[in-house]
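Okay, here's what each chain looks like letter by letter:
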Amino acid sequence: MTVPVAVLGLGEAGSEIGRDLVAAGADVRGYDPKGIRVDGVQPRGSEAEAVADADLVLSLNSSHDAMTALENALPALRPGTLWADLNTASPGLKVALAKRAAERDVPVVDVALMSPVPGKGLRTPMLVSGEAAGRYAELLAGLGADVEVQPGPVGTAISRKLLRSVFYKGLAAAVVEALRGAEVAGCADWLRGNIAAELASFDERTVDRLVDGTATHARRRADEMAAATEQLQELGVPARVSAAARDLLVELRDRPPATLAATAAVATDAPARYAKQLVEHTGRRLTWRTDGAVSSASIGDGVGTVVVGDGVLTLRAQAPDEDTLSRIQRVLGDHLERFGRRNELTVAWQTEQK
């Protein structure tokens, strides 16, 4: 027997998903405050009317209207009806929806649409979280939907999407701003090709170099982005992304130095060999700087250091907080113990007093 589905919001996304549900043989009813109708979707006069006989509700209004839609539907929702919020809303709002619906014994799942809906409809990749995520995936899987369950409470799925959006949308904004400046400066074709080449070469090591390099070279880069911001202003191009990058670099440049530190002195007859192995292996993700017997790398907001001595290999971790300090200790200590397992190397960290 087909599960009755209510679609609230029949705009660009809701209409395509509703249409695909009908094509897949689902029993679909829908409501849109603007009176939009979709072939095959039974029109209802309100949210309450749409959900009254539904076992699954897909809320596709907007983040601004998500709570309003739930409030309007609540009086008619039957206990156990599954409410799926597909809006791009904050994790906090998704949690608030779940708490409000729980008062009527209505489970809520958080669905993040991981690509644009137009052209994909029900096949749009969906990441879903919440206690009833498995039930949601089971209901839609038979209708041709592309659903992946993300373990965790409501808010987990949308959190991942939004964090990814910080990168994707931020990158897009940076490209747009740079090309606007390049067009005025007469070098747009050159910059477009340069950007394409840089993006084509990206891998995980590139990400690590970007993170570590931003912290390590904050002073020089802050000056560089200050100059870039001034150039855009001289060209008559609003410098929004450039100014934000400058401000972030200034913050990193002026932050207090690391206040936590720990050291581990590991006795070994081959300190140079183990140091080289440690640096080369972790160099896949970290950018090391070596000066004689000392190698150091930025790890998160802290610094890890490897020092080759006479019969001893010394590891040092410096960080502004306990979590970062522990991370550096794991990166250096766990790798070294694994490399030296045959010789029973043991890393014992000692906290330095400030």
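Structure's up top.
In this text, all values refer to a predicted model and were calculated from it rather than measured experimentally.

Student: Could you give an account of the sheet that holds strand β2 (residues 27–31), with specific residues and numbers?
Tutor: On the basis of which strands lie adjacent, the open sheet formed by eight strands has the order β3-β2-β1-β4-β5-β6-β7-β8 and mixed pairing. Across the chains shown, the open sheet's two edge strands, defined by having one partner strand only, are β3 (42–43) and β8 (147–149). Here strand β1 (residues 4–8) pairs with β2 via five bridges, running parallel. When the sheet's bridge partners are listed, Ala6 is paired in β2 with Arg29. Relative to the sheet, helix α1 (residues 12–23) contacts β1, β2 and β4 (56–59), its axis offset from that of β1 by approximately 165°. Across the face of the sheet, helix α6 (residues 156–185) comes into contact with β6 (108–113) and β7 (126–129) while running at roughly 20° to β6.

Student: Describe in detail the sheet that holds strand β9 (residues 260–267), supporting the description with residues and values.
Tutor: What the six strands build is an open sheet, ordered β10-β11-β12-β13-β9-β14; its pairing is antiparallel. Edge positions in the sheet fall to β10 (288–291) and β14 (350–351), since each has one partner strand and no second. Taken together, the six bridges between strand β11 (residues 294–299) and strand β12 (residues 302–308) define a ladder with antiparallel strand orientation. Following the sheet pairing, Val294 is matched in β12 by Val307. Across the face of the sheet, helix α12 (residues 322–339) comes into contact with β9, β10, β11, β12 and β13 (312–319) while running at roughly 160° to β13.

Student: Give me the lowdown on the packing of aromatic side chains, citing residues and values where you can.
Tutor: This model, assessed by the stated rule, comprises one aromatic pair. Above the plane of the ring of Tyr274 lies Arg273, whose end atom (NZ or CZ) is 4.6 Å from the centre.

Student: Would you mind going over the layout of surface pockets in detail, with residue names and values included?
Tutor: Estimates place the volume of the largest pocket at around 1,800 Å³. Mapped onto the lining of the largest pocket, the elements with two or more residues apiece are α6, α7 (188–200), α8 (204–216), α9 (218–235) and α10 (240–254). Partitioning the lining of the largest pocket into residue classes produces 28 nonpolar, nine polar and seven charged. If you add up the space inside the second largest pocket, you get close to 460 Å³. Along the wall of the second largest pocket there are 23 residues; nearest its centre are Thr88, Leu113, Ser115, Pro116 and Lys161. Residue assignment for the lining of the second largest pocket shows that the elements contributing at least two residues are α1 and α6.

Parameters and conventions
Residues numbered from 1 in each chain as written. Predicted model: local features only at pLDDT ≥ 70, side-chain atom pairs only at ≥ 80, totals over all residues. Heavy atoms only, no water. Pairing = 2+ DSSP bridges. Helix = DSSP H or I, 4+ residues; strand = E, 2+ residues; numbered from the N terminus. Contact = heavy atoms within 4.5 Å. Axes fitted to C-alpha atoms, helices over the stretch in contact; angles between N-to-C directions. Phe/Tyr/Trp six-rings, centres within 6.5 Å; stacked < 30°, edge-to-face > 60°. Lys NZ or Arg CZ within 6 Å of the ring centre and 35° of its normal. 1 Å grid on protein atoms, 1.4 Å probe; cavity = no way out; pocket = protein on both sides within 12 Å on 5 of 7 lines; lining within 4 Å. Points joined across faces, edges and corners; volume = space filled by probe spheres on them. Nonpolar A, V, L, I, M, F, W, Y, C, P; charged D, E, K, R; others polar.

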